[in-house]
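Notes for the structure review
Spelled out from the first residue to the last, the chains are:
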Amino acid sequence: MKVSEILAGSKKAFPSLEIVPPLRGLTKDELLESIEPFMEFSPRYINVTSHRDEFEYRQEADGSFTRHLIRNRISETTVCAAIMSRYDVEVVPHLICGGSTAEEIESKLDNLAFLGINNIVALRGDCISGEKRFSPTPGGYRYASELVEGIRSYQGSSTYRRSRGLEADDRFFCIGVGAYPEKHFEAPNIETDIANLKRKVDAGADYIITQMFFDNKVYYDFVEKCREAGITVPIIPGLKPLSTYKQLSVIPEAFSLDIPVELTREMTKAKDNKEALYRIGTEWCTMQCKDLIAHGVPAVHFYTMGKSRNITEILRECF
């Protein structure tokens, strides 16, 4: 089932989860064991992030340098297949512009269609190490809006379309895109950022997932601005509970967002008490989630980052 159909058919908010593909060396069983705690809550779908392959240059004995591919994580498609092999849950792989040509993206779409996957989150992707600004792969997509257009134009085989009951003009994939309630760090202002988001929606995106935030007013104001700009698709809030003192500096730097003064103050008081820090972060995220549900959000998206304990506590309390 497509995420757009799940959203349209749900009478109340539900949780969705996002996991990161495991590092190389982890087995399929270890991966599935790590998400087993979430299955108690019957998630409607699980997002699987995508990570670019990187390269390094190594000096050889003769003084020359050779280029070597570095793959640190299992591919999102492989992870999706592993999840589908055990659980009756929809999977939503992320596709990114960086590191692939348009032809290579189409090949990935063929693989997803082969597995029966009809949902994708389309993202530009981050810079690789050493880049100050994103550089598209030659022959690839520069912007997420272009990637959305490429995915939207994908038709798949006629046999597959018939098996799915798709008419000639039916969309093959349901496409989600990302958004930044506090503005993407490369955008000069929030209005420009929302205009770029609208380009992605106009290109064919079916729904939006926001980056994490820690002040719900930021999300409500962002949704209001989006609606004023003519964006009508569902906007799903993204949450992540804090659990360590170090995150007070790491997360704002990594994701260009603010952490409220009250939350910062409470975690600073408890900076030497790991369990207290964990409890403060979990309770804050629980409060956020309950307030969002009370305000009628369609779903709440959780960035699990490979951790289940705090997320399962929040899910148990809120859903």
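For the structure itself, look to the data block above.
Quick look at the structure, then. (Residues numbered from 1 in each chain as written. Predicted model: local features only at pLDDT ≥ 70, side-chain atom pairs only at ≥ 80, totals over all residues. Heavy atoms only, no water.)

**A word on the packing of aromatic side chains**
Our working definition: Classification of ring pairs uses Phe, Tyr and Trp, with its six-membered ring standing for Trp, and accepts pairs whose centres are within 6.5 Å; under 30 degrees between planes counts as stacked, over 60 as edge-to-face, and the remaining range as tilted. Only protein chains enter the area calculation, which uses a 1.4 Å probe; residues under 20% of their type maximum are buried, those over 50% are exposed, and those in between are partly exposed. Numbering of helices and strands runs from the N terminus; a helix is a DSSP stretch of H or I covering at least four residues, while a strand is a stretch of E covering at least two. Whether a charge sits over a ring depends on NZ of Lys or CZ of Arg being within 6 Å of the ring centre and within 35 degrees of the ring normal.
Overall, the coordinates contain seven aromatic pairs when judged by the stated rule. Arranged with centres 4.8 Å apart and planes meeting at 65°, the rings of Phe 172 and Phe 173 form a pair that is edge-to-face. You'll find Phe 172 and Phe 173 in the same group, each marked buried. Taken together, a centroid distance of 6.4 Å and an interplanar angle of 85° make the contact between Phe 302 and Phe 319 edge-to-face. With Phe 302 in strand 10 (residues 299–303) and Phe 319 in the segment after helix 12 (309–318), this pair connects stretches of sequence that are 17 residues apart. A relative accessible area of 35% places Phe 319 in the partly exposed class. Aromatic ring contacts, followed pair by pair, group Tyr 154, Phe 172 and Phe 173 into a single cluster. One Lys or Arg, Arg 44, reaches over the ring of Phe 14 and ends 5.7 Å from the middle of that ring. For Arg 309, the ring lying beneath its charged end belongs to Tyr 278, and the centroid distance is 3.8 Å.

**Points about the sheet that holds strand 6 (residues 119–123)**
Convention followed: Two strands are said to pair when DSSP picks up at least two bridges between them. What counts as an axis is a line fitted to C-alpha atoms, over the stretch in contact for a helix, and the angles between N-to-C directions run from 0 to 180 degrees. Residue contacts are defined here by distance: any two heavy atoms, one from each residue, within 4.5 Å place the two residues in contact.
Here we have eight strands rolled up into a closed barrel, ordered 1-2-5-6-7-8-9-10, and parallel in their pairing. Each strand axis lies, on average, 30° off the axis of its neighbour in the sheet, ignoring direction. Packed on one face of the sheet, helix 8 (residues 216–228) meets strand 7 (174–179), strand 8 (207–212) and strand 9 (235–239) and runs near 155° to strand 9. This element, helix 12, spans strand 1 (14–19) and strand 10 of the sheet and lies at about 165° to strand 10.

**Notes on the nonpolar core**
Under the convention used in this document: Residues enter a nonpolar core if they are buried and are Ala, Val, Leu, Ile, Met, Phe, Trp, Tyr or Cys, with the set joined through side-chain atoms within 4.5 Å.
Counting residues in hydrophobic clusters, the biggest one holds 64 residues, and the most contacted among them are Ile 83, Ile 151, Phe 173, Ile 208 and Phe 302. Here this core gets five residues from one element, more than from any other, and that element is helix 7 (residues 190–203). With sequence-adjacent residues up to four places away left out, Ile 208 is seen in contact with Val 177, Gly 178, Ala 179, Leu 197, Val 201, Ile 231, Val 233, Pro 234, Ile 235 and Ile 236. Core analysis: the next-biggest nonpolar cluster, separate from the first, contains 26 residues, Val 3, Leu 7, Phe 214 and Ala 299 among them.

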